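# An overview of the molecular structure
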Amino acid sequence: MITRRNFCKKSLLLIGGMAVPLAALEIFNPGRLSAEKDDPAKVRWVFLVDTFKCVGCGFCVRACKLENEIPYDANVSRTWVERYVVTKDGQVHTDSPKAARDGFTSKSIDQASRGLLEIKDEDIDKAFFVPKLCNQCDNPPCVQVCPVGATYQTPDGVVLVDRTWCIGCGYCVMGCPYGVRFFHPVYKAAEKCNFCYHRISKGLKSACVEACPFGARRIGNIKDPEDPVTRIIMTERVAVLKEEYGTKPQVFYLGMSREVK
Amino acid sequence: MVHGEVWTAKELFVYPNEYIYWTIQIVMYPFMTGLVAGAFVLSSLYHVFGVKQLKEIARFSLAFSFALLPVAMMPLLLHLQFPFRGIEVMMTPHFTSAIAAFGIVFTTYGMIVAAELWFVYRKFFVETALELRKLTVRSFVQQVRYILYSVLTLGAWDISEHSLEKDERAVKMLAGLGIPVACFLHGYAGFIFGSVKANALWMTPLMPVIFICSAVVSGIALCIITYIATMEIRKAIHAWRLKNNPALPSIEELKSAELQDVTMTSRYLVMFLILAITLELLDLIFRGYTAVKSWDILRSVIYDKDFFNIFVIQYGMGNLIPFILFLMPRLTIRRAVVGTLLVLLGVFMMRWNVVIGGQAFSSSLAGFMHYHLPIWPDSLETFKEGLFGALLVAATPFVLFWLLGRIIPIFSVKNTH
Ligand code: SF4
Ligand code: SF4
């Protein structure tokens, strides 16, 4: 004989019991998950560097160091500028003294422990500057190798580091083929360029883009066909760095040369 | 100062952020895990394949492999920028990373070794505890030992013929299971390097296999040398006892047993050595033959900058000389000592040439980096990632082994199966 009390108890239990798997259905609703996945983010940040316009003044490097609190005199930088000098004998000389923070004030090439190399003007075939920064790869090896997931990619394509979670193993530093990463001298965690994520997500431009007096650096959204940066990438001849690693870099270069490393 | 700047010297064009970030501790890490895996494989040769001649050294190398275990993760922790966050690798592993598997592989392996050791010594624990229980009055030390051994039995007091047989079967099974896990533990250390596509020297699918072979070589070598050392000490003690009590068996018996063990074990050493060298040379030849883009800079690192480290120390002193020493007829203990020490040096240099050599050139492929090992520590960083940090890691297993030897009889044959 079922009492009312018992009946209430049993039905509550039944409802509760059914609610658990139903709740699971709600949490793991595959339809919603896949909709979220298929729904393409409206934004994918990309960068465009016009090497024809770069004069190696280093304003961008300075602006970046100040904006992103990388100690001014530390020998690391989120972005840097390289100088390439190709001489008549076919040799390529490259340098980036102090990451080009102070620009290129001397004509001699900085060869680190081998000292300075003087090159006569008449020996030079061509010379140019190439700004570098994180490529915010579409297939980022740095994210793949992080053992704790402290390095991750946002839906709009930027790769970020969680300073509070990084254990400082350096695997990502080793994994990046572009030598972009380093350990922050103060925070000790892995550090890299993030296109000034704090600025671009507020509608501002990256600090280096603002600082460049010649418009050599531009940032844009490749998902927006009307974006001038997108238009250039789509309609002109652009190149990326070290494509052979399969990282799908998202910093595009105009005026790239085969000497660039 | 930026991390890495102290010990890195740059030459020609190196990207501004590039330094030698993986240093001596990352050399120690595969070296130490290699010793763990190698020692375990050696002990399994007896337990699984029943190589009778290895009986004495098998128990010994099992205990040694256990003592080495905690030391495998020490260098990893010491090299982290945030050693106290190291536990995150276990708590929030990110499984696309090779390092994330460390927690799982390492714990599995640790449990296997501990369980096997327990089965081997269970009879001894029970007997000792029972003996101590019989005493009506126990001194403080005896009381502590009694509690310790009672706990170590884990409540399994049955040492009848039947249950001991079961123990033996368990040991065999665990040893068999342990071999692939030990190989995995170490092969995966190789995978950590071999899968870094950004590094031209590291990236090769052969890396895990090369690592396993050289691991076994180094593990066997270390077991031989430690075995000889402990036997010498025992002989000295025995000789001293003999003086007071001439009735004891003569020292010659110990001596001949020792030489036989060493000869037998060194045969396995040579076997794995050949395998390791073959693979390493294959890798080298293949790189030279295919000569992809990075070969230019690799060649100048291998044949020029690191020539002495690679060809003179690693291959010459570390492989060729011991090879000759072991293959010459009538092996003596002294020759075995020199040989095994050189083998250990060779394997260490191989790790060095992989880890440091892999960072000797910039990923711009247009410049070099030179590593200067910090000797005298003037900061925490130069201690952790300097000579003294490495020595600390190298010394720890011997301390642990000594401690372990206080608890279980690693040498006397009577008490174990
Ligand atoms: S450039 Fe390097 S740091 Fe940036 S996303 Fe690609 S791999 Fe990662
Ligand atoms: S250094 Fe930090 S961000 Fe980089 S792989 Fe290690 S834990 Fe991840």
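Now for a look at the structure at hand.

Quick notes on the rules
- Residue positions are given per chain, counting from 1 as you read along its sequence in written order.
- All chains are assigned letters beginning at A, and all ligands numbers beginning at 1, according to the order in which they are written.
- Owing to the predicted nature of the model, reporting of local features is limited to residues with pLDDT of at least 70; listing and counting of side-chain atom pairs is limited to 80 or more, with chain, interface and lining totals taken over all residues.
- Heavy atoms from the whole structure form the basis of all side-chain values; hydrogens and water molecules are not counted.
- By definition, any uninterrupted DSSP run of H or I lasting at least four residues is a helix, any uninterrupted run of E lasting at least two residues is a strand, and each is numbered from the N terminus.
- Only C-alpha atoms enter the radius of gyration, while the globule expectation follows 2.2 Å times N to the 0.38, with N the number of residues.
- A simple rule labels every residue: compare its accessible area, found with a 1.4 Å probe on the protein chains alone, to the largest value its type can have, and call it buried under 20%, exposed over 50%, or partly exposed in between.
- Whether two residues are in contact is decided by their heavy atoms, any of which lying within 4.5 Å being enough.
- Shrake-Rupley sampling with a 1.4 Å probe provides the accessible areas, and residues are treated as covered by the protein chains on show and by no other component.
- The convention is simple: Lys and Arg are positive, Asp and Glu are negative, and His and the chain ends are not counted.
- Lysine's charge is taken at NZ, arginine's at CZ, aspartate's at CG and glutamate's at CD.
- Once two parts are joined, some of their accessible surface, as seen by a 1.4 Å probe, is lost; buried area is that loss totalled over both.
- Salt bridges, as used here, are contacts in which a Lys or Arg side-chain nitrogen is within 4 Å of a carboxyl oxygen on Asp or Glu.
- Under the rule applied, a polar contact is a pair of N or O atoms within 3.5 Å (in protein, one hydrogen donor and one hydrogen acceptor; residues adjacent in sequence only if both atoms are side-chain atoms).
- Between rings of Phe, Tyr and Trp, where Trp is taken as its six-membered ring, a pair exists when centres lie within 6.5 Å; planes separated by under 30 degrees are stacked, by over 60 edge-to-face, and by other angles tilted.
- Only residues above 30% relative accessible area that lack a salt bridge enter a patch, with like-charged residues linked at up to 9 Å and the nonpolar side chains Val, Leu, Ile, Met, Phe, Trp and Tyr linked at up to 5 Å.
- Here the rule is simple: two strands pair whenever DSSP picks up at least two bridges between them.
- Only C-alpha atoms enter the line fits that serve as axes; for helices the fit covers just the stretch in contact. Angles between N-to-C directions range over 0 to 180 degrees.
- Residues grouped as a nonpolar core are buried Ala, Val, Leu, Ile, Met, Phe, Trp, Tyr and Cys residues, joined through side-chain atoms within 4.5 Å.

### Structural notes on the overall build of chain B
Looking only at helices and strands, chain B features 13 helices and two strands. For a compact globule of 417 residues, the expected C-alpha radius of gyration is about 22 Å, and chain B comes in at 23 Å, within 12% of that figure. Dimensions of chain B along its principal axes, counting C-alpha atoms only, are 75 × 55 × 40 Å. The 417 residues of chain B split such that 56% are buried. For chain B, restricting intrachain contacts to residue pairs at least 6 apart in sequence, the fraction spanning at least 24 positions comes to 77%. For chain B, the accessible surface area stands at approximately 18500 Å², while carbon and sulfur atoms represent 71% of it. Averaging the positions of the 32 positive and the 26 negative side-chain charges in chain B gives two centres separated by 7 Å.

### A word on the interface of chain B and chain A
Taken residue by residue, the interface counts 43 residues in chain B and 54 residues in chain A. Between chain B and chain A, roughly 3800 Å² of surface is buried when both sides are summed, and carbon and sulfur atoms account for 59% of that area. Across the chain B-chain A interface, the total number found is two salt bridges. Close ionic contact of A:Arg114 with B:Glu11 constitutes a salt bridge, the shortest N to O distance being 2.8 Å. Summed over the shared surface of chain B and chain A, the result is 28 residue pairs in polar contact (both at pLDDT 80 or more). The set of elements that each furnish at least two residues to the side of chain B that touches chain A consists of strand E1 (8-12), helix H3 (88-91) and helix H6 (161-194) of chain B. Of all the elements, E1(B) adds the most residues to the side of chain B that touches chain A, at three residues.

### Some details on the packing of aromatic side chains
Two aromatic rings are characterised by how far apart their centres lie and by the angle between their planes. All chains considered together, the criterion is met by 32 aromatic pairs over all chains. Ring centres 5.6 Å apart and planes at 80° place the aromatic pair A:Phe183 and B:Tyr21 in the edge-to-face group. Of this pair, A:Phe183 sits in strand E9 (residues 182-183) while B:Tyr21 sits in the loop between E1 and helix H1 (24-47), which puts the two residues in different chains. With a relative accessible area of 3%, A:Phe183 lands in the buried category.

### Comments concerning a negative patch on the surface
Among the surface-exposed residues, A:Asp89, A:Glu122, A:Asp123 and A:Asp125 lie close enough to one another that they form a single negatively charged patch. Mapping A:Asp89 onto the fold places it in the loop between strand E2 (80-87) and strand E3 (92-95).

### Focus: the sheet that holds E2(A)
Residues and elements named next belong to chain A. The sheet built from three strands is open, its strands ordered E3-E2-E6 with antiparallel pairing. What marks the edges here is a single partner per strand, and that holds for E3 and strand E6 (124-132). Pairwise comparison of adjacent strand axes, ignoring direction, gives a mean angle of 15° for this sheet. Relative to E3, E2 is paired through four bridges, and the arrangement is antiparallel. Bridging from a neighbouring strand, Val 86 pairs with Val 92 of E3.

### Focus on the nonpolar core
What tends to happen in soluble globular proteins is that the nonpolar side chains get buried as a cluster. The biggest cluster of nonpolar side chains holds 152 residues, and the ones touching the most others in it are A:Tyr171, B:Trp22, B:Leu54, B:Tyr109 and B:Trp202. Considering each element in turn, this core owes the most residues, 16 residues, to H1(B). Apart from the residues within four sequence positions on either side, B:Tyr109 is in contact with B:Val36, B:Ala37, B:Phe40, B:Ser65, B:Leu69, B:Gly178, B:Val181, B:Ala182 and B:Leu185. Among the nonpolar cores identified, the runner-up in size contains 38 residues, and A:Cys60, A:Tyr178, A:Cys212 and A:Ala216 belong to it.

### Quick look at a nonpolar patch on the surface
All names here are of chain B. Residues Tyr 303, Phe 307, Phe 308, Val 312, Met 317, Leu 320, Ile 321, Ile 324 and Met 328 make up a contiguous nonpolar surface patch of about 800 Å² in total accessible area. Looking at the nonpolar patch element by element, the count peaks at seven residues for helix H10 (residues 307-327). When you line up the elements, Tyr 303 lands in helix H9 (residues 295-305). A residue is classified by how much of its surface remains accessible, and Tyr 303, at 40% relative accessible area, is partly exposed.

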